[in-house]
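Spelled out, the chains give:
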Amino acid sequence: MNRYRIRISVDGKRKLYYIEDQENYDIVLLPSKYLKHKADANRSPNTVRRLALSICYYLNYLDQTGTELLQVAKKSFEEQSSHFGQFLYWLVEGRHITDNRTAKTGNGTCNAYLKDVFGFFLYLADNGYTEPLRVLAYNQITVSNAVGVKRTIRSKSFKGYLKEKDRNVRAAQEPEIIDILRACTNLRDQLLLLLLAETGFRIGEILGVNYSRDIDYENHTLGVYFREDNENQARAKNAEFRKAKISDDTFDFLLHYLAEYRNLLQYQNYLFINISGDTAGKPLKVDSVYSMLDRAAEKTGTLLTPHMLRRYFAVTRWNAEWPLELISQALGHKHLDTTIQYL
């Protein structure tokens, strides 16, 4: 049995994650302070949960290898490289899994866990608990081009990440979207797909829309606002405000949806809700959206994801000759390189 596990406490509407030592049931102080720091910084609950998983796995790895957390930063560059490389292979072998599953963890997921651990070590160094990790130091060289202009090339020292398969995420195609719209059994699912395709918003952003505050009914725009108290835990990823214009046809469809489900919508403010069963009227959650898309895929043979619809938005705007910077801003990207990958 692994020594460390994740625990959750509830502070009002906010979930706080911490790490517990199962040998003495004490809270493990430094990782738990880091997780609270991330929660206080308005990171989404899903992000904090993933960080908690990554750190918990790493603490169990330390326990199984007899290594003290605060001693890792004192190791030499070669020792640290070996230490974190072995952690990656420990993850790949599935030794962090305790529920009798045999499937191995993918290289990309293992790399993501390690990057989370590196973030934890950066926090420890910034707050004086340890010295900086040597494997996170920068190699830096200055070179000159043919006309004598100098530039500095920096690269992180750690080269031990596992080789990942190239992501093959494509943009949805318009005929595919039409097929899925026809396969939908209710107005809510159709409106959700239309808004994802027309706004480029993330699924968490769409599900957090408040129909009484976030929709400009005069100008036909939809806004993304950061809130940390969404009942369905939907969050704006970068805590930024954005607006998107929707077409007149889709806006008319939105009004039709609001009228059709007014009896359920009037008791709360979320645009997208459950429309049947014991949870009717409650905010729609991400898992329910993916389940709906899986059912549509069984009918049509086409599997679409919210991210594919987001890329559809990017590609159609590029084809309509939008400037790259404007597309990036509409998508809520921090870096143009990310937008270029979408295209």
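Residues numbered from 1 in each chain as written. Predicted model: local features only at pLDDT ≥ 70, side-chain atom pairs only at ≥ 80, totals over all residues. Heavy atoms only, no water.

Here we look at the packing of aromatic side chains
Definition in use: Pairing of aromatic rings covers Phe, Tyr and Trp, the last through its six-membered ring, and needs centres within 6.5 Å; plane angles under 30 degrees mean stacked, over 60 mean edge-to-face, and all others mean tilted. Each helix is a run of DSSP H or I of at least 4 residues and each strand a run of E of at least 2, with the numbering of both proceeding from the N terminus. Whether a residue is buried, partly exposed or exposed follows from its accessible area with a 1.4 Å probe, protein chains only, as a fraction of its type maximum: under 20%, in between, or over 50%, in that order. Criterion for a charge above a ring: Lys NZ or Arg CZ within 6 Å of the ring centre, and within 35 degrees of the ring normal.
Following the criterion strictly, the structure yields 20 aromatic pairs and no others. Measuring from ring centre to ring centre gives 5.8 Å for Tyr58 and Phe121, while their planes differ by 80°; the resulting arrangement is edge-to-face. Here Phe121 lies in helix H4 (residues 107–126) and Tyr58 lies in helix H2 (residues 45–65), a separation of 63 residues in the sequence. In this pair, the class of Tyr58 matches that of Phe121, namely buried. A ring pair is formed by Phe120 and Phe121, whose centres lie 6.1 Å apart and whose planes are at 50°; its orientation type is tilted. Among the residues examined, Phe120 registers a relative accessible area of 0% and is labelled buried. Seen from the ring of Tyr161, Lys115 lies directly overhead, with NZ or CZ sitting 5.3 Å from the centre.

Describing the nonpolar core
Where we set the bar: Buried residues of nine kinds, namely Ala, Val, Leu, Ile, Met, Phe, Trp, Tyr and Cys, make up a nonpolar core once their side-chain atoms join them within 4.5 Å. Contact definition: two residues touch when any of their heavy atoms are within 4.5 Å.
Within the largest apolar cluster, 43 residues are counted, with the highest numbers of intra-cluster contacts made by Leu192, Tyr257, Leu271 and Phe272. Looking at this core, the elements with two or more residues in it are helix H5 (174–183), helix H6 (187–199), helix H7 (203–207), strand S7 (221–224), helix H8 (248–260), helix H10 (286–300) and helix H11 (306–319). With seven residues, H6 is the single largest residue contributor to this core. Those residues in contact with Phe272 that lie beyond four places of it in its chain are Arg188, Leu191, Leu192, Leu195, Ile206, Leu207, Tyr257, Pro283 and Leu284. Counting 41 residues, the second largest nonpolar core, distinct from the first, contains Tyr34, Cys56, Leu59 and Phe120.

A word on the pattern of salt bridges
Counted only if it meets this: By definition here, a salt bridge exists when the distance from a side-chain nitrogen of Lys or Arg to a carboxyl oxygen of Asp or Glu is within 4 Å.
Considering all chains together, one arrives at 13 salt bridges under this definition. Here Lys36 ties to Asp40 by a salt bridge, and the two come within 2.8 Å at their closest N and O atoms. Separated by four residues within a single helix, Lys36 and Asp40 lie in helix H1 (residues 29–40), roughly one turn from each other. Lys36 gets classed as partly exposed once you look at its relative accessible area, which sits at 41%.

Let's talk about the pairing of strand S8 (residues 242–245)
Under the convention used in this document: Only strands joined by at least two bridges in the DSSP assignment are considered to pair.
Here S8 shows a buried face lined by Arg242 and Ala244 and an unburied face lined by Lys243 and Lys245. Looking at chain direction, S7 and S8 are connected through four bridges and run antiparallel. Across the sheet, Thr221 pairs through a bridge with Lys245, a residue of S8.

Section: the sheet that holds S7
Hydrogen bonds between backbone groups are what pair the strands of a sheet, and the pairing can be parallel or antiparallel. Judged by pairing direction, the sheet is antiparallel, and its three strands sit side by side in the order S6-S7-S8 without closing on themselves. In this open sheet, the two edge strands, each paired with only one partner strand, are strand S6 (215–216) and S8. Here S6 runs beside S7; their pairing, made up of two bridges, is antiparallel. If you follow Ile215 over to S7, its bridge partner there is Leu222.

A short note on the sheet that holds strand S3 (residues 26–27)
The condition that has to hold: Whenever a helix is involved, its axis is fitted only over the stretch in contact; in every case the axis is a line through C-alpha atoms, and angles between N-to-C directions fall within 0 to 180 degrees.
The three strands lie next to each other as S1-S2-S3, forming an open sheet whose pairing is antiparallel. Two strands lie at the open edges of the sheet, namely strand S1 (4–11) and S3, each paired on one side alone. Note that strand S2 (residues 14–21) and S3 share two bridges and pair antiparallel. Bridged to Asp21 within S3 is Asp26. Most of the contacts of H1 go to S2, to which it runs at about 170°, and overall it touches S2 and S3.

Comments concerning the pairing of S7
Of the two faces of S7, the one carrying Thr221 and Gly223 and the one carrying Leu222 and Val224 are both buried. Following S6, the chain reverses through four residues before pairing antiparallel with S7; His220 in that reversal takes a positive phi of roughly 60°.

A short note on H5
So the rule is basically this: The arc in question is traced by the directions running from the helix axis to the C-beta atoms.
When we look at burial in H5, the residues that qualify are Glu176, Ile177, Ile180, Leu181 and Ala183. For H5, the angular spread of the buried residues around the axis is 160°, confining them to a single face. Facing away from the buried surface of H5 by more than 90 degrees, the exposed residues are Pro175 and Arg182. Where H5 is buried, its residues meet H6, H10 and H11.

Concerning the packing of H5 against H6
Test applied: Here the word oblique covers every angle except those under 35 degrees (roughly parallel), over 145 (roughly antiparallel) and from 65 to 115 (roughly perpendicular). In this scheme the crossing of two helices becomes right-handed for a clockwise turn of the near helix relative to the far one and left-handed for an anticlockwise turn of less than a right angle. Polar here means any residue outside two lists: the nonpolar Ala, Val, Leu, Ile, Met, Phe, Trp, Tyr, Cys and Pro, and the charged Asp, Glu, Lys and Arg; Gly therefore counts as polar.
At their nearest, the axes of H5 and H6 sit 9 Å apart, and the two run at 160° to each other. By the angle between their directions, the pair H5 and H6 is classed as roughly antiparallel. As for the relative orientation of H5 and H6, their crossing is right-handed in sense. Along its contact with H5, which presents Ile177, Ile180 and Leu181, the element H6 presents Gln190, Leu193, Leu194 and Ala197. In the contact of H5 with H6, the residues fall into six nonpolar, one polar and no charged.

Overview of the environment of Asn60
Relative to the assigned elements, Asn60 resides in helix H2. Ignoring anything within four residues of it in the chain, the contact list for Asn60 reads Asn2, Arg3, Tyr4 and Trp90.

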